[in-house]
Amino acid sequence: MASSSTKPIFTPPFTTTSSSSSQPPTRSSLLSFLHSTTPTPISLNLSRSRISFLNSPSSAVRSLSVKNAAKTIEAAETSRVSRVGGLDANSQETKPTILVSEKLGEAGLELLRSFGDVDCSYDLSQEDLCKKIASCDALIVRSGTKVTRQVFEAAKGKLKVVGRAGVGIDNVDLQAATEYGCLVVNAPTANTVAAAEHGIALLAAMARNVAQADASMKSGQWQRNKYVGVSLVGKTLAVMGFGKVGSEVARRAKGLGMQVIAHDPYAPADRARAVGVELVSFDQAISTADFISLHMPLTPSTKKVFNDDTFAKVKTGVRIINVARGGVIDEDALVRALDSGKVAQAALDVFTEEPPPKDSKLVQHERVTATPHLGASTKEAQEGVAIEIAEAVVGALQGELAATAVNAPMVPAEVLSELAPYVVLAEKLGRLAVQLVAGGSGIKSAKVVYRSARDPDDLDTRLLRAMITKGIIEPISDSFINLVNADFTAKQKGLRISEERVAVDSSPEFPIHTIQVQLSNVDSKFGSGVSEGGDISIEGRVKYGKPHLTRVGSFSVDVSLEGNLILCRQVDQPGMIGQVGNILGEQNVNVSFMSVGRTVRRRKAIMAIGVDEEPNQETLKKIGEVPAVEEFVFLKL
Ligand SMILES: NC(=O)C1=CN([C@@H]2O[C@H](COP(=O)(O)OP(=O)(O)OC[C@H]3O[C@@H](n4cnc5c(N)ncnc54)[C@H](O)[C@@H]3O)[C@@H](O)[C@H]2O)C=CC1
Ligand SMILES: O=C(O)C(=O)COP(=O)(O)O
C-alpha cells in the first residue's frame, strides 16, 4: 500500500534517532507504533535494576553512576534501534503473515491476500495454534478459537493484531493482549441483523414447537395435539441487553404485536423510546415477561446472571431465548427450572461449552430448541463480517488506529493527522526529560502540562500521553511501549502520569501551544534543567510542523529537536558559541541549531546545541573543560 498517497497519520515512533528524526511526519504505521517486538510483557522483560530504576531507588540502583545510567540508555537505544527493522507496512520489506483460524467469507480473504500471506488453518488445537502464532503478525478468529494468555506468550511479541470476526470478544484474553501490546479489533456491526433474525426465528420456532414437530414427523408420527403452541401477539417480551442486536430484536418483536420491555443499565432512554420500548429494572423485566431474550455480552458481571435465584423470580411458564452467550445462564439451574416447569421452554443458540457435551441434559431436554451457534451464520453476515474484520486488520497492520479497537483508544484519523507532529514532540520531550535524571533516581511521577487554546473536550491527549510514557520508559528499559500498553506499563512500573491543561489565549487552529514534561522527586544530572519548583522540567512546541525545545528548567531556548542535543550552562560572556562550536568542528560534528537563553545578562546562560553526529567522549570532555562552562549534558533524541 502506497505510503505517500494519504495524509500523515502519525510519525513512526522509532524515528527518534538522529538518522531519522529529520524526516517529516509520514503516513506511519500504527504497526510501527503498535509493533510489538518485546518477547514478553514489559513487566517480565526488565532486568531487576531497570525495574528499580523506574520504581524505587533501591540501594543497588542508587549506586549506579551517571556513566552507568548513560550506558543503560545506550544499550537500550542500540537494541531498540535494532528492533526497528521489523515488519513495517510502509517499508514492505516482508509481507505480514495473517493466520485465519476459522472460516471467513471469501471477500475478506481476498482483501487479506492482497496485503499479506494468508494461512487458513482451521480447527487448530491450542498447542498447534501456539506453535503457529510465533510466525504470525495477525490472527483472525471467530467464537471457536480461544486466544488465551498462552497464545500471546507463544507469539513472542510478533503478533500485532487479533481480529475477531464478530462481536463477542469473550474468547480473547484482553488483559494479556494489552500487556503484550497486541491490538484487538472486532467487527461489531455486520452480523447484528443476522443475530436478531436468528433470535426471532428461535422465538417463533419455540412458541410453535417447530423443531420438535419436525423431528416427530421425521420419525413417522403425526402428533397435532402434542404440539399445540402459544401465540406471540400481546405477550410481553423482555429484551435483556438493549444494544445493537437487542434493539433489532425489539423492533421485530413489536412488528409481531408483542409488548416489548428492555433491561440495560447502560442504554440511553431516548434510544429505547425511539423504538417504543420501556427500559425497566432487571427484576421488573424478568418478573413480568412471558418471553425473555438475552442480548448482553458475557462479562464477569453477566456470568451466570440467570441462576436459581433468577429463575425463582420469573413468571411461571416463561420462555427463554439465548442468542448472546451460553455463559450468562447457569445451565444446570436452567435444567432444574425446565424440569420444575418454572421455565416452559428455552431456545438456545449458545452454550457455556461449545460444542456442548453430546449427553448435555440441556440440549437433550425435550422442551429445548437448540442450534449450534448460528446467530451470525448467514451468507450476508459472513461476507460483511469478513470484509469488516479484514479492513480493520489490514488497517491496523498499515498503521491506522482501527475504529473498532477493543483494547486501545479509538482516535479518529483526522485527529491523528492533526496530532502527528505533537506525537513526535511528546515522545522527544519524554526522552529528553528522562535523560536529565541522575542515574540513581527512580522516577515515580511525571506531570504533563498542555497549554492550549482549545476547549478541553476538543483535545484528545491519550496518544500524547502514551508517547510521553514511551519516551520516558523506553530509553531506560527493554520495554516496548505502544498505545495499547502505555498506561498498563506505566502502572506496572509505578510511574504515575498526571495531565493538566492550561488555557492560553492563542489560536485554537492549532491543538496545542506547548507541552511541558515535569519529573518530580528526582535528582538531575543537569541542575539547570530543574525548575524553580524543584522538578526536572522541559517544554516544547511545534513550529512549522517540527518539534522544538523551548524551555529547559527556567531557561528559555529555541532549538529544533533533530539529531542530538548538548545542553550547556555557562557564564554569559562573549565567545562561548565560538569556543564550543570550534571544539565540535574539530571532530567534524555538525551543528544543526544553536540557541542561547539566559536568566540574567552577563551572569548565567544556557546554550542548546543541536548536533547531527554524536560527539566522542574526548570532545565532550573538552567542552566540559572550557572555563566558563559550569555544567553540560549530552542528550540523544
Ligand atoms: N449467537 C451469535 O452468533 C451472536 C451472538 N452475539 C452476542 O450478542 C451480544 C450482543 O451483541 P450486540 O448487540 O452487537 O452488542 P452491543 O454491545 O451492541 O450490545 C450489548 C448491550 O448489552 C448491554 N449490557 C451490558 N451489560 C449488561 C447487563 N448486565 N445487563 C443488561 N444489559 C447489559 C450493553 O449496555 C449493550 O447495550 C454480543 O456480546 C455477543 O455475545 C452477537 C452476534 C452474533
Ligand atoms: O459475533 C458474535 O459475537 C458471535 O457470536 C458470532 O460468532 P461466530 O463468528 O459465528 O463464531
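Residues numbered from 1 in each chain as written. Chains lettered and ligands numbered in written order. Predicted model: local features only at pLDDT ≥ 70, side-chain atom pairs only at ≥ 80, totals over all residues. Heavy atoms only, no water.

An unreviewed UniProt entry annotates the protein as D-3-phosphoglycerate dehydrogenase originating from Salix suchowensis. The UniProt entry for the protein carries this comment under Pathway (unreviewed entry): "Amino-acid biosynthesis; L-serine biosynthesis; L-serine from 3-phospho-D-glycerate: step 1/3." Its UniProt record gives the protein a comment under Sequence similarities (unreviewed entry), which states: "Belongs to the D-isomer specific 2-hydroxyacid dehydrogenase family." (UniProt positions renumbered as here; feature names shortened; annotations may be inferred.)

Participant: Help me get a handle on the packing of aromatic side chains, residues and values and all.
Facilitator: Enumeration according to the criterion identifies three aromatic pairs in this entry. On the basis of an interplanar angle of 20° and a centroid distance of 6.5 Å, the ring pair of phenylalanine 152 and tyrosine 180 is categorised as stacked. Placement of the pair is phenylalanine 152 in helix H8 (residues 149-155) and tyrosine 180 in the loop between helix H9 (174-179) and strand S5 (183-186), with a sequence separation of 28 residues. We note that phenylalanine 152, like tyrosine 180, is buried. Pairing phenylalanine 306 with phenylalanine 311 gives two aromatic rings, centres 6.3 Å apart and planes at 45°, and the pair type is tilted. With relative accessibility at 3%, the residue phenylalanine 311 sits in the buried group. Here a set of aromatic residues connected by ring pairs shows up, and it is made of Phe282, Phe306 and Phe311. The ring centre of phenylalanine 480 lies 4.8 Å from the NZ or CZ of lysine 470, which sits over that ring. (Phe/Tyr/Trp six-rings, centres within 6.5 Å; stacked < 30°, edge-to-face > 60°. Helix = DSSP H or I, 4+ residues; strand = E, 2+ residues; numbered from the N terminus. Buried < 20%, exposed > 50% of the residue type's maximum accessible area, 1.4 Å probe, protein only. Lys NZ or Arg CZ within 6 Å of the ring centre and 35° of its normal.)

Participant: So what's going on with the site of ligand 1? Which residues, and what values?
Facilitator: Taken together, 24 residues sit near ligand 1, with Lys244, Val245, Asp264, Val323 and Asp349 positioned nearest. Glycine 243 places a main-chain nitrogen or oxygen 3.5 Å from an oxygen atom of ligand 1. Measuring from an oxygen atom of ligand 1, one finds a backbone N or O atom of glycine 375 at 3.4 Å. Relative to its unbound accessible area of 850 Å², ligand 1 is 86% covered by the protein chains. A per-class count over the shell around ligand 1 returns 12 nonpolar, eight polar and four charged. (Near = heavy atom within 4 Å. Polar contact = N/O pair within 3.5 Å; in protein donor to acceptor, adjacent residues only side chain to side chain. Areas by Shrake-Rupley, 256 points an atom, 1.4 Å probe, with all protein chains shown as cover. Nonpolar A, V, L, I, M, F, W, Y, C, P; charged D, E, K, R; others polar.)

Participant: I'd like a rundown of the site of ligand 2, residues and numbers included.
Facilitator: With respect to spatial proximity, the complete set of residues near ligand 2 consists of Arg142, Ser143, Arg164, Ala165, Gly166, Val167, Gly168, Asn191, Arg325, His373 and Ala376. The side chain of serine 143 places a nitrogen or oxygen atom 2.4 Å from an oxygen atom of ligand 2. Note that an oxygen atom of ligand 2 is positioned 2.8 Å from one of the side-chain N or O atoms of asparagine 191. Here the residues of the shell around ligand 2 are counted per class, giving three nonpolar, five polar and three charged.

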